[in-house]
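Take a look at the letters that make up each chain.
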There are 2 protein chains.
Amino acid sequence: MAAWGERLAGVRGVLLDISGVLYDGGEGGGAPIAGSVEALARLKRSQLKVRFCTNESQKSRGDLVGMLRRLGFDISEGEVTAPAPATCLILKERGLRPHLLIHDGVRSEFDQIDTSNPNCVVIADAGEGFSYQNMNKAFQVLMELENPVLLSLGKGRYYKETSGLMLDVGPYMKALEYACGIEAEVVGKPSPEFFKSALREMGLEAHQGTRVLALVWEDPTCHGATGPVSHNC
Amino acid sequence: MAAWGERLAGVRGVLLDISGVLYDGGEGGGAPIAGSVEALARLKRSQLKVRFCTNESQKSRGDLVGMLRRLGFDISEGEVTAPAPATCLILKERGLRPHLLIHDGVRSEFDQIDTSNPNCVVIADAGEGFSYQNMNKAFQVLMELENPVLLSLGKGRYYKETSGLMLDVGPYMKALEYACGIEAEVVGKPSPEFFKSALREMGLEAHQGTRVLALVWEDPTCHGATGPVSHNC
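Just so it is clear, the model here is predicted, and its values are computed rather than measured.

Visitor: An account of the overall build of chain A is requested, with residue identities and associated values reported.
Guide: Scanning chain A for helices and strands turns up eight helices and 13 strands. Working note: accessible area of chain A is about 10,900 Å², and carbon and sulfur atoms make up 48% of it.

Visitor: I'd love a proper account of the nonpolar core, names of residues and values included.
Guide: One finds Phe130, Met135 and Tyr172 of chain A together with Phe130, Met135 and Tyr172 of chain B to be the most contacted residues of the largest nonpolar core, which totals 48 residues. At the level of elements, strand E7 (120-123), helix H5 (132-144), strand E10 (164-167) and helix H6 (169-180) of chain A together with strand E7 (120-123), helix H5 (132-144), strand E10 (164-167) and helix H6 (169-180) of chain B are the ones that each hand at least two residues to this core. Not counting the four nearest positions on each side in its chain, Phe130 of chain B is found in contact with Phe130, Ser131 and Tyr132 of chain A together with Leu101, Ile123, Ala124, Asp125, Met135, Val169 and Tyr172 of chain B.

Visitor: Explain the pattern of salt bridges residue by residue, including any values.
Guide: Residues and elements named next belong to chain A. Here the structure, examined in full by the defined rule, presents 18 salt bridges over all chains. For the salt bridge of Lys189 with Asp17, the shortest nitrogen-to-oxygen distance reads 3.1 Å. Pair noted here: Lys189 is in the loop between strand E11 (185-187) and helix H7 (192-202) and Asp17 is in the loop between strand E1 (11-16) and strand E2 (23-24), with a separation of 172 residues, a long-range link. One network of salt bridges, in which partners are shared, links Lys44, Asp74 and Glu79.

Visitor: Account for the interface of chain B and chain A, naming residues and giving values.
Guide: Chain B puts 29 residues into the contact, and the matching count from chain A is 29 residues. Buried area between chain B and chain A, both sides added, is near 2,500 Å², and the carbon and sulfur share of it is 65%. Three residues, Tyr132, Leu167 and Tyr178 of chain B, lead the burial of chain B against chain A; their summed loss comes to 33% of the area buried on that side. Connecting chain B to chain A are zero salt bridges.

Visitor: Provide a residue-level description of the sheet that holds E7 of chain A, including the pertinent values.
Guide: Residue and element names in this part refer to chain A. Taking strand neighbours across the sheet as the criterion, the four strands line up as E6-E7-E8-E11 in an open arrangement whose pairing is parallel. Taken across any chain shown, the strands that pair with only one partner, and hence form the sheet edges, are strand E6 (98-101) and E11. Strand-to-strand, the axes of this sheet are offset by a mean angle of 25°, without reference to chain direction. Summarising the sheet, strand E8 (residues 150-153) and E11 pair through three bridges and their orientation is parallel. Residue pairing for E11: Leu153 is matched across the bridge by Val187. Where helix H4 (residues 83-94) meets the sheet, it contacts E6, E7, E8 and E11, and its direction lies at approximately 160° from that of E8. Those strands touched by H5 are E6, E7 and E8, and its axis lies near 160° from that of E6.

Visitor: Give a detailed account of the sheet that holds E7 of chain B, specifying residues and quantitative values.
Guide: Residue and element names in this part refer to chain B. Strand order in the open sheet formed by four strands is E6-E7-E8-E11, and the pairing between neighbours is parallel. Each of the sheet's edge strands pairs with one partner strand only, and the pair in question is strand E6 (98-101) and strand E11 (185-187). Each strand axis lies, on average, 25° off the axis of its neighbour in the sheet, ignoring direction. With three bridges joining them, E7 and strand E8 (residues 150-153) adopt parallel strand pairing.

Visitor: Summarise the packing of H5 of chain A against H6 of chain A; cite the residues concerned and give the values.
Guide: Helix-helix packing is described using two parameters, namely the angle between the two axes and the distance between the axes. Residues and elements named next belong to chain A. Where H5 contacts H6, the two axes come as close as 10 Å, and the packing angle between them is 40°. Here H5 lies oblique to H6, going by the angle between them. H6 is crossed by H5, and the crossing has right-handed handedness. Of the residues in H6, those touching H5 at Met135, Ala138, Phe139, Leu142 and Met143 are Tyr172, Ala175, Leu176, Ala179 and Cys180. Considering only residue class, the contact of H5 with H6 consists of 10 nonpolar, no polar and no charged.

Visitor: Can you lay out the relation of the copies chain B and chain A for me, pointing to particular residues and giving the numbers?
Guide: Mapping chain B onto chain A calls for a rotation angle of 180° and an axial translation of 0.1 Å; the resulting RMSD is 0.1 Å. Expressed as an axis order, the relation between the two copies is that of a two-fold axis.

Visitor: I'd love a proper account of the packing of aromatic side chains, names of residues and values included.
Guide: Using the criterion set out here, one finds seven aromatic pairs over all chains in the structure. When the centroid spacing of 5.4 Å and the interplanar angle of 45° are considered together, the rings of Phe139 of chain A and Tyr158 of chain B count as tilted. Here the residue Phe139 of chain A occupies a position in helix H5, and Tyr158 of chain B occupies one in strand E9 (residues 158-161), the pair thus bridging two chains. By relative accessible area, which is 0% here, Phe139 of chain A ends up buried. Overall, the relative accessible area of 32% leaves Tyr158 of chain B in the partly exposed class. Among the aromatic side chains, those forming a connected cluster through ring pairs are Phe130 and Tyr172 of chain A together with Tyr132 of chain B.

Visitor: Please give an account of the confidence of the model for chain A that cites residues and values.
Guide: Residue and element names in this part refer to chain A. Averaged over all residues, the pLDDT of chain A equals 87, while 87% of them reach at least 70. Low pLDDT (under 50) marks residues 216-233, which in the prediction has 40 contacts with non-local residues, meaning those over four places away or in another chain. The ipTM assigned to the predicted complex is 0.81, against a pTM of 0.82.

Visitor: Quick rundown of H5 of chain B? Include the residues and the values.
Guide: Counted at 1.5 Å a residue, the expected span for H5 of chain B with its 13 residues is 18 Å, and the 18 Å between its end C-alpha atoms agrees. Along H5 of chain B, the residues that are buried comprise Tyr132, Met135, Asn136, Ala138, Phe139, Val141 and Leu142 of chain B.

Visitor: Outline the side chain of Ser57 of chain B, listing residues and values.
Guide: With respect to the helices, strands and loops of the structure, Ser57 of chain B is situated in the loop between strand E4 (49-53) and helix H3 (61-70). What Ser57 of chain B contacts, discounting residues up to four positions off in sequence, is His103, Val106, Ala124, Asp125 and Leu153 of chain B.

Visitor: Residue-level account of unusual backbone geometry, with values.
Guide: Residues and elements named next belong to chain A. With an omega of 10°, the peptide bond running from Lys189 to Pro190 counts as cis. The phi angle at Asn117 is positive, at roughly 45°, despite the residue not being glycine. Secondary-structure assignment places Asn117 in the loop between E6 and E7. A relative accessible area of 60% places Asn117 in the exposed class.

Procedures and definitions
Residues numbered from 1 in each chain as written. Chains lettered and ligands numbered in written order. Predicted model: local features only at pLDDT ≥ 70, side-chain atom pairs only at ≥ 80, totals over all residues. Heavy atoms only, no water. Helix = DSSP H or I, 4+ residues; strand = E, 2+ residues; numbered from the N terminus. Areas by Shrake-Rupley, 256 points an atom, 1.4 Å probe, with all protein chains shown as cover. Core = buried A, V, L, I, M, F, W, Y, C linked by side-chain atoms within 4.5 Å. Buried < 20%, exposed > 50% of the residue type's maximum accessible area, 1.4 Å probe, protein only. Contact = heavy atoms within 4.5 Å. Salt bridge = Lys/Arg side-chain N within 4 Å of Asp/Glu carboxyl O. Buried area = accessible area lost by both parts, 1.4 Å probe. Pairing = 2+ DSSP bridges. Axes fitted to C-alpha atoms, helices over the stretch in contact; angles between N-to-C directions. Parallel < 35°, antiparallel > 145°, perpendicular 65-115°, else oblique. Left-handed = near helix turned anticlockwise from the far one by under 90°. Nonpolar A, V, L, I, M, F, W, Y, C, P; charged D, E, K, R; others polar. Least-squares fit on C-alpha atoms with pLDDT ≥ 70 in both. Phe/Tyr/Trp six-rings, centres within 6.5 Å; stacked < 30°, edge-to-face > 60°. pLDDT = per-residue confidence, 0-100. Expected span 1.5 Å × (residues − 1).

Okay, structure coming up:
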């Protein structure tokens, strides 16, 4: 592995994931991953621009940031790129009125959205909200539309909580895709549009040739990694 | 369309689906589809062998047949090919001990199956049993297995109840496939093995060159059909 100085040559900004990278969620709000609070503090002292790019869709940005600050992270709401606000922009641009299959914790992000007489479905990590009844309702709404539109906040397979692995939104997105014979539009990672919007918010552009690395402190007990791992976005 | 006499030339047996063909399920046990009770009686008076081939996995065969008899159908338990008993055979043959994600109504079919220390997951149309918690448990069982095996009783997308369309097992099978990165083994239609076992139970063999038609009395209000429709199995 190349030395870090060499690997970081030309890097202007750092996009950090949150869940599974800065902390693992779970009972009592979850716990920071060892080393992550200090690593973030060090990044912020550096010349690098730092932004958070998350698919978190169980909490509003305000609640997420509040929780992270209580865990010791130096983070503010304006530094977070998240799929719920990105989805609201799309809904407004396209005149879409969603049926929402989402967690109550993120519902406030959709306060300004017209949900009457729905002409699309928005699905997010609803957790316990993924009851048969709620899934069936979303399915029925889609089946009644001439041109069914399904927006999914991410397509993650699962995530790790302190109590174990938990199903993410992706499997439920796949379930509705199969049931209705449609393909969802994913808002959030790994959509290139989502990464680009995070870059714009950092004042960086991919076409500048700026190399952006996502630095993740993977949990060695989970993935067998022993330190930071880099991925090209 | 060719006359029925011509279409039935060489046909020795008839496999009938049940849900959506003989009756639509729903509140109070559901309702026969118009014409189906009389059509079955007429088939039974003919020279044709008749058998029922269903993916029903919310009820045991006993409960299913009891309900159909109350609705006026001439049917007995020994005439029904269903995925739960077929699955039990597979489990025994392969030494599999399932974690069951199934409807309570079909649980009695698995009474003789060892479910301790599971080494596979069996998923069926669990209806309201498809809670997030139950799905997550099935997911966790699969993720803990070195060689995860998922048996799915059918892969239907949805079915019609008197109250509307309802999600079937297929979407939930797809959800677990995606979450775990695996492919389920489908027991039931449209698996050729399942049709062959139904033929064997009728005393017919596909290699006899016997043409078997599935005659279905489709609900004209649902599918736009106006009479019997034939499908080659």
